[in-house]
Every structure is written in C-alpha cells, then in structure tokens.
Amino acid sequence: MIYYYDGTLDGLFMVIFEKYKEIGNCEIKTKSNQVNFLESELIETNLAKSERVITSIRENIGEEFLANCFKVFKSIHPKKEEIIAVTTKSCLVFGNAYLGSAKKSAVLFNRIVHKFNHEVHAYKGFTRFREIQDNYLLAEITPENDVLVYITQHFLKRMPAEKFIIFDKNRQKASLCEFGKYEEVEILEMNAEDSDKEAIFKDAWRGFYEAIGIDERKNEKLMQANMPKKYWKYLPEKN
C-alpha cells in the first residue's frame, strides 16, 4: 500500500497518526498528478492531529530527535519518509534505546543526520560572499541536501548588520537577509553583477594568492583533502 501526503513534515506526521499500525509495511510518497487510488490512499493534512504526533515525540523521545526528523526530511534520501516514520514508531514503542540499536531504520536515520550535519558544517566554513549591486552580499551554494535554513541562521548571527543573499542553485531558492531578519523566496535565475569594489578586491586577492604561491610546492591532493573540489567554483583564486 502506498500513502501519499502533501510533501510537508506536518503531512508526514499526519500519515504516522492516521496509519500508525501500517507503518513499516507501506510506502509513503509525496502526492502527484499520477496517484493511483486503486493501490494507494491520499492522506489529507490535519494540523491538530499532526501536532499531537509532535507533542508525543517531544514528551517520549525528545526535542533533539524532533530536530533530527526535520534534518532527515530536508535530506535527499529517496526513502526518508519511511525512515522517519519507522524510526519514530519504533522509538515510541521501544524507547530511545532504539536509536542506538543496529536496526536498519535507526542506522539509516543516524547516518542521514550525520551526513546532513557534515554538509551544514562544511558550508558554514566554505560559503563565500561577494558584493553585488545595491550593497548586497551574495553567496551561491550547491548543496546536496536542503541546508539553506541552517546556513542562513548561521550567517544571520555572524553578520546581523549586513544585507545578504544566500542562493541555493540546486533548488532555485534563496534567503533574502536584511539586518538580522530573512525571507525565503523562489528564484529561477540570479542575475547578479559584482560591484566595482568587489572587482578590485578580487583582482587584489588573486594577485596576492599568486605572489605567495610556490609552484614547486603546489599539492592539489592536499588542497582537495582540506577543501573538496566542489567548493572551489566560488573561490576567486581558483577561477
């Protein structure tokens, strides 16, 4: 049996609420225009019932697990819905000890959270901003997982007095941040131009990078070990 939901975390918790007994023996997918109602069922979201699941998780499993459910939900894992549902049900039945077990869903849940946290940590350190028109700072990122909200919150704390944009090119959405507040919007294409000051800084930085570099001691393998090559595309010295 396949249960379809609206693609939100509240919708997924609604599936857990309505089909609790079937969790572990069903598929959970985001609804589409090709739903086959002969072999599936569409579960409509009820926020009050979804909140009951959230409350149960908080009281019986913990706030950290709830936060990790959100991370798994934001991941690109193709079976994330079933992993969240099975792990949640199992923790409610067996307690928090289930999370430390060798059961398949617990192992997958923890592995996804670990990879997600690793990517967030990497982008906190490797995200690069450049100044564009209207005195905005722009950072373009191409993460595997949907980490935009976590990266945004990090830089809001680091740069509360700045205007900046973080653009997730893979998902065509961006955080528009001004003076400690932000809004997430869809952007099909970012037509940004470097400010005159940014162009001067880039040229100066490239010149400095070339001046201090020693060709005989260049070690690209070590460079990639310290910063994977997928992050190089937004470094002026590498372009």
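Residues numbered from 1 in each chain as written. Predicted model: local features only at pLDDT ≥ 70, side-chain atom pairs only at ≥ 80, totals over all residues. Heavy atoms only, no water.

A. Broad picture of the layout of surface pockets. Put simply, the largest pocket is a space of about 350 Å³. If you trace the largest pocket, you find 17 residues lining it, with Lys 115, His 118, Glu 119, Glu 144 and Asn 145 closest to the centre. Residue classes in the lining of the largest pocket are distributed as seven nonpolar, five polar and five charged. A volume near 300 Å³ is recorded for the second largest pocket. Put simply, the parts of the chain that give the lining of the second largest pocket at least two residues each are β5 (137–141) and α7 (196–212). Classifying every residue of the lining of the second largest pocket by side-chain character gives seven nonpolar, one polar and eight charged. (1 Å grid on protein atoms, 1.4 Å probe; cavity = no way out; pocket = protein on both sides within 12 Å on 5 of 7 lines; lining within 4 Å. Points joined across faces, edges and corners; volume = space filled by probe spheres on them. Nonpolar A, V, L, I, M, F, W, Y, C, P; charged D, E, K, R; others polar. Helix = DSSP H or I, 4+ residues; strand = E, 2+ residues; numbered from the N terminus.)

B. Examining helix α5 (residues 104–126) more closely. Under the 1.5 Å per step criterion, the end-to-end length of α5 is 33 Å for 23 residues, consistent within 8% with the ideal 33 Å. Of the residues making up α5, those classed as buried are Ser 105, Ala 106, Leu 108, Phe 109, Ile 112, Val 113, Phe 116, Glu 119, Val 120, Ala 122 and Tyr 123. Packing partners of the buried residues in α5 comprise α3 (63–73), α4 (80–94), β5 and α6 (148–158). (Expected span 1.5 Å × (residues − 1). Buried < 20%, exposed > 50% of the residue type's maximum accessible area, 1.4 Å probe, protein only. Contact = heavy atoms within 4.5 Å.)

C. Examining the sheet that holds strand β2 (residues 27–30) more closely. The strand order across the open sheet built from three strands is β2-β1-β3, with neighbouring strands paired in parallel fashion. Strands at the two margins of the open sheet, each flanked by one partner only, are β2 and β3 (40–42). This sheet shows a mean twist of 25° between the axes of neighbouring strands, independent of strand direction. On the sheet, helix α1 (residues 9–18) packs against β1 (2–5) and β2 and is oriented at approximately 145° with respect to β1. (Pairing = 2+ DSSP bridges. Axes fitted to C-alpha atoms, helices over the stretch in contact; angles between N-to-C directions.)

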